[in-house]
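Inside the fold
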Amino acid sequence: QVQLVESGGGLVQAGGSLRLSCTASGSIFSINAMGWYRQAPGKQRELVATITDVGSTNYADSVKGRFTISRDNTKNTVYLQMNSLKPEDTAVYLCNENVVSRDYYRMNYWGKGTLVTVSS
């Protein structure tokens, strides 16, 4: 079993910054792609950013130039640095990781999410 735990959410004023973290634990052999998604009230879940195992990144157009995704493979952790936050960034942010377990099964795992609220 693998567990993902997010942290770093909170309340921030527009224009401010937050840094989210997501750490995986459990039966892990390796982690392929890692990503952040978000879901605002009444809206569908949407992709925010992804990073491959070799560090290639991809961002939603709405966050390009403001958010940066990174990873620390030694800590099984993915980060999301969010700058110049806007009220429309308010959402529950969830991490997703494609994990290969120690018995070589590959599965996608989701964290439970961390709430980011941006006030105007």
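The structure reproduced in this document is the subject of the present report.

Our focus in this paragraph is the pairing of strand E11 (residues 114–119). Where burial is concerned, the two faces of E11 differ: the one with Thr114, Val116 and Val118 is buried and the one with Leu115, Thr117 and Ser119 is not. Strand direction decides the pairing type here: strand E2 (residues 10–13) and E11, joined by 4 bridges, are parallel. Counterpart to leucine 11 in the pairing with E11 is threonine 117. Judged from the 3 bridges that link them, strand E9 (residues 91–100) and E11 form a sheet pairing that is antiparallel. The residue of E11 that forms the bridge with tyrosine 93 is threonine 114.

Time to look at the sheet that holds strand E8 (residues 77–82). Spatially, 4 strands are ordered E1-E3-E8-E7 in an open sheet, and the strand pairing comes out antiparallel. Each edge of the open sheet is held by one strand with a lone partner, namely strand E1 (2–7) and strand E7 (67–72). Recorded for the sheet is a direction-independent mean angle of 15 degrees between the axes of neighbouring strands. The pairing of strand E3 (residues 18–26) with E8 spans 6 bridges and is antiparallel. Paired with cysteine 22 across the two strands is valine 78, which belongs to E8.

Grouped together as the largest cluster of nonpolar side chains are 31 residues, with contacts concentrated most on Trp36, Leu80, Met82 and Tyr93. When residues of this core are traced back to their parent elements, those giving at least two are E1, E3, strand E4 (30–39), strand E5 (46–51), E7, E8, E9 and E11.

This part takes up the state of the cysteines. Scanning the entire structure with this criterion turns up 1 disulfide. What pairs with cysteine 22 in a disulfide is cysteine 95, and their sulfur atoms sit 1.9 Å apart. One end of the pair, cysteine 22, is in strand E3; the other, cysteine 95, is in strand E9, and 73 residues separate them in sequence. Under the relative-accessibility criterion, cysteine 95 is labelled buried at 0%.

Quick look at the pairing of E5 now. Sheet analysis places E4 next to E5, joined by 5 bridges and oriented antiparallel. Looking at E5, one finds that tryptophan 36 is bridged to alanine 49. The turn linking E4 back onto E5 is made up of 6 residues, and glycine 42 within it adopts a positive phi angle of 75 degrees. In this structure, E5 lies alongside strand E6 (residues 57–59), joined through 3 bridges in antiparallel fashion. Bridge pairing in E6 places isoleucine 51 opposite threonine 57. Taking the residues between adjacent antiparallel strands as the criterion, E5 and E6 are bridged by 5 residues, where glycine 55 takes a positive phi near 95 degrees.

Before going further, it helps to examine unusual backbone geometry. At asparagine 76, a position not held by glycine, the phi torsion is positive, near 50 degrees. With respect to the secondary-structure elements, asparagine 76 resides in the loop between E7 and E8. The partly exposed category is assigned to asparagine 76, whose relative accessible area is 23%.

Thresholds applied
Residues numbered from 1 in each chain as written. Predicted model: local features only at pLDDT ≥ 70, side-chain atom pairs only at ≥ 80, totals over all residues. Heavy atoms only, no water. Buried < 20%, exposed > 50% of the residue type's maximum accessible area, 1.4 Å probe, protein only. Helix = DSSP H or I, 4+ residues; strand = E, 2+ residues; numbered from the N terminus. Pairing = 2+ DSSP bridges. Axes fitted to C-alpha atoms, helices over the stretch in contact; angles between N-to-C directions. Core = buried A, V, L, I, M, F, W, Y, C linked by side-chain atoms within 4.5 Å. Disulfide = S-S within 2.5 Å.

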